[in-house]
Amino acid sequence: MTHEASPRVALVTGAARGLGKAVAEVLAGQGVALLLVDILAERLEQTCAELRTRGASCTAFPADIRERANCIDAVEAAVTTYGGLDVLVNAAGLLRFDHAVDVPEAEFWQIIGVNAAAPFWFCQAAIPHLLASGGNIVNVLSQSALIGTPYAVPYSMSKGALLQLTRSLALEYVDMPIRINAVAPGGMMTEISEATRPPVDADFAKIKRYSGDRPPSQAAEVAAVVGFISSPAASAVHGAVWTADGGVTAG
Ligand SMILES: NC(=O)c1ccc[n+]([C@@H]2O[C@H](COP(=O)([O-])OP(=O)(O)OC[C@H]3O[C@@H](n4cnc5c(N)ncnc54)[C@H](O)[C@@H]3O)[C@@H](O)[C@H]2O)c1
């Protein structure tokens, strides 16, 4: 593991497992100091402990990011702990499949809260620090931000909102020293996909339209894309949506 003289600092949400954890591993490999956020407190501490064993600076910040105050506190904790912030990765996400007419109200707001509102609160709190450091934001979308996703309508809505958060912020800050981008994965082998199944009476032909022809990616493959975009090597990348979906949205 290589460490820079003055390491960059990153806040990664959803980092207890899955893609967020894989992103934390990639950034740790770049010598970035980490503040990791997740609602799964024990898994988060495990992830941090693993990274510290490998020589990384890692702080766990267990929190439910549906609460705006928690998002703001997490950003402040990163700045207080490490003296600044260079990278914000909004990777936490919640997926539920259901017939649109059956989606319970609480579930709808949970999905919107985690996938769309929380990244906005994190951006609000982080932007002043990222302007000071010349840093950047990477929002984790989904192919569902770009194409319709039957049986996952609130999820698709939430990722569409995150896409427009990315683009609108990129233009609002186009003349300032900050980069704002998104990565849009397709299916990945993570616990989100194990835990969620379409309704038993779903029309499989409609699901086939977005399931793709290639096998699902490993989280590490998508994390590598996030790792590059958030690095100084990607200095020309701003307002971009990088798909990593094995061709699903190519046509
Ligand atoms: N796995 C896929 O097939 C796939 C495809 C496209 C996009 N994505 C996106 O990738 C990102 C990572 O997903 P993943 O596949 O690693 O799933 P995952 O379920 O393994 O990881 C998501 C993480 O977000 C955390 N989280 C959920 N609600 C939270 C809350 N209220 N407060 C704090 N943390 C919370 C979870 O605890 C979990 O650790 C998500 O944004 C997801 O929408 C996943």
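Predicted model, so just to flag it, every value in this text is computed and none were measured.

Can you explain helix α8 (residues 219–229)? Please cite residues and give values.
When we look at burial in α8, the residues that qualify are Ala219, Val222, Ala223, Val225, Val226, Gly227 and Ile229. Close packing links the buried residues of α8 with α1 (18–29), β4 (87–90), β5 (136–140), β6 (179–185) and β7 (241–244).

Tell me what's going on with the state of the cysteines, and back it up with residues and numbers.
In the structure shown here, the tally under the stated rule is one disulfide. Residue pairing for Cys48: its cysteine sulfur links by disulfide to Cys58, the two sulfurs lying 2.3 Å apart. Since a negative S-S torsion denotes a left-handed disulfide, the Cys48-Cys58 link at about -80° is left-handed. Residue Cys48 is found in helix α2 (residues 41–53), and its partner Cys58 is found in strand β3 (residues 58–62); the two are separated by ten residues along the sequence. Residue Cys48 shares its accessibility class with Cys58, and that shared class is buried. The thiol of Cys71 is unpaired, and the distance to the nearest cysteine sulfur, on Cys123, comes to 10 Å. Overall, the relative accessible area of 1% leaves Cys123 in the buried class.

So what's going on with the side chain of Asn136? Residues and values would help.
Residue placement: Asn136 occurs in strand β5. Setting aside anything within four residues of it in sequence, one finds Asn136 in contact with Asp86, Val87, Leu88, Leu130, Ile178, Arg179, Ile229 and Ser230.

Any details on the packing of aromatic side chains? Residues and values, ideally.
Tallied over the entire structure, the rule returns three aromatic pairs. Note on Phe108 and Trp109: the rings are 5.0 Å apart at their centroids and 85° apart in plane angle, and the pair reads as edge-to-face. Residue classification places Phe108 among the partly exposed residues on the basis of a relative accessible area of 22%. Geometrically, the ring pair formed by Phe228 and Trp242 is tilted, given 5.8 Å between the ring centres and 45° between the ring planes. Of this pair, Phe228 sits in helix α8 while Trp242 sits in strand β7; the two residues are 14 residues apart in sequence, bridging distant segments of the chain.

Talk me through the nonpolar core; I want residue IDs and the actual numbers.
Leu11, Val37, Leu85 and Phe122 are the most contacted members of the largest nonpolar core, which has 40 residues in total. Those elements that place two or more of their residues in this core are β1 (9–13), β2 (33–38), α3 (68–82), α4 (105–133), α5 (153–172) and β6. With nine residues, α4 is the largest single contributor of residues to this core. Not counting chain neighbours up to four residues away, the residues in contact with Leu11 comprise Leu35, Val37, Ala74, Val75, Ala78, Leu85, Val87, Leu88, Val89 and Phe122. Counting residues in hydrophobic clusters, the runner-up holds 35 residues, among them Ala15, Leu44, Ala56 and Ala91.

Rules of the game
- Starting afresh in each chain, residues are numbered from 1 along the sequence in its written order.
- For a predicted model such as this one, the threshold for reporting local features is a pLDDT of at least 70, and the threshold for listing and counting side-chain atom pairs is 80 or more; totals across whole chains, interfaces and linings nevertheless cover every residue.
- As a convention, hydrogens and water are excluded, and side-chain values are obtained from all of the structure's heavy atoms.
- Remark: exposure states derive from per-residue accessible area (1.4 Å probe, protein chains only) relative to the maximum for the residue type, with buried under 20%, exposed over 50%, and partly exposed in between.
- Numbering of helices and strands runs from the N terminus, with a helix taken as a DSSP run of H or I at least four residues long and a strand as a DSSP run of E at least two residues long.
- Working rule for contacts: check all heavy atoms of both residues, and any pair within 4.5 Å makes them a contact.
- Here, a disulfide means two cysteine sulfur atoms that sit within 2.5 Å of each other.
- Geometry of aromatic contacts follows a simple scheme: Phe, Tyr and Trp rings, the Trp one being its six-membered ring, pair when their centres are within 6.5 Å, and the pair is stacked under 30 degrees between planes, edge-to-face over 60, tilted otherwise.
- To define a nonpolar core, start from buried Ala, Val, Leu, Ile, Met, Phe, Trp, Tyr and Cys residues and group those joined through side-chain atoms within 4.5 Å.

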